[in-house]
Amino acid sequence: PTITSENLNSINERIKRLPLIFPWLLSTGSLILTRVLAATICVTLGASMAARLGPTPMAAFQVCLQVWLTSSLLADGLAVAGQVRNFFSFWQLMET
């Protein structure tokens, strides 16, 4: 595509409107960040408790942790995809 002054003006107008969207994006991102921090603290505490109990409980903890991490990463991927979709829908609303 060729760059025209109309395209540049359109992009410039969109960029000027971005500060209106950033607080919303930060608030939704903070929810995910809070969930990740809480999960990390819980996993760390669980690992230290399992390690104190011996090798068999620690092995069981590792198996459960792998299953949990798989489901958690899938959920995070869906959350990020949802945020991107919301951002682009707001971006399209800004065009009008």
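Note that the structure is predicted; figures quoted are calculated from it, not measured.

Analysis parameters
- Residues numbered from 1 in each chain as written.
- Predicted model: local features only at pLDDT ≥ 70, side-chain atom pairs only at ≥ 80, totals over all residues.
- Heavy atoms only, no water.
- Helix = DSSP H or I, 4+ residues; strand = E, 2+ residues; numbered from the N terminus.
- Buried < 20%, exposed > 50% of the residue type's maximum accessible area, 1.4 Å probe, protein only.
- Contact = heavy atoms within 4.5 Å.
- Areas by Shrake-Rupley, 256 points an atom, 1.4 Å probe, with all protein chains shown as cover.
- Salt bridge = Lys/Arg side-chain N within 4 Å of Asp/Glu carboxyl O.
- Expected span 1.5 Å × (residues − 1).
- Patch = residues over 30% accessible without salt bridge, like charges linked within 9 Å, V, L, I, M, F, W, Y side chains within 5 Å.

In this section: the overall build of the protein. Helix and strand counts for the protein come out as two helices and zero strands. Every one of the 96 residues in the protein was classed for burial, and the buried ones make up 10%. Long-range pairs, those at least 24 residues apart, make up 74% of the contacts in the protein with a sequence separation of at least 6. Accessible surface, the protein: about 7,500 Å² in total, of which carbon and sulfur atoms supply 73%.

Looking now at the pattern of salt bridges. Two side chains of opposite charge can pair, provided their charged atoms sit close to one another. Taken as a whole and assessed by the stated rule, the structure comprises one salt bridge. The salt bridge involving D76 is made with R35; its shortest N-O contact spans 1.9 Å. Of this pair, D76 sits in helix α2 (residues 55-95) while R35 is found in helix α1 (residues 5-53), placing the two residues 41 residues apart along the sequence.

If you check α2, its first and last C-alpha atoms are 59 Å apart, about what 41 residues at 1.5 Å a residue would give, namely 60 Å. Taken together, the buried positions of α2 are occupied by F61, L65, S72, W91 and M94.

This brings us to the environment of W91. Here W91 lies in helix α2. Separated by 77 residues in sequence, W91 and R14 place their C-alpha atoms 7.8 Å apart.

Among the surface-exposed residues, V80, V84 and F88 lie close enough to one another that they form a single nonpolar patch of about 270 Å² accessible area. Among the residues examined, F88 registers a relative accessible area of 48% and is labelled partly exposed.

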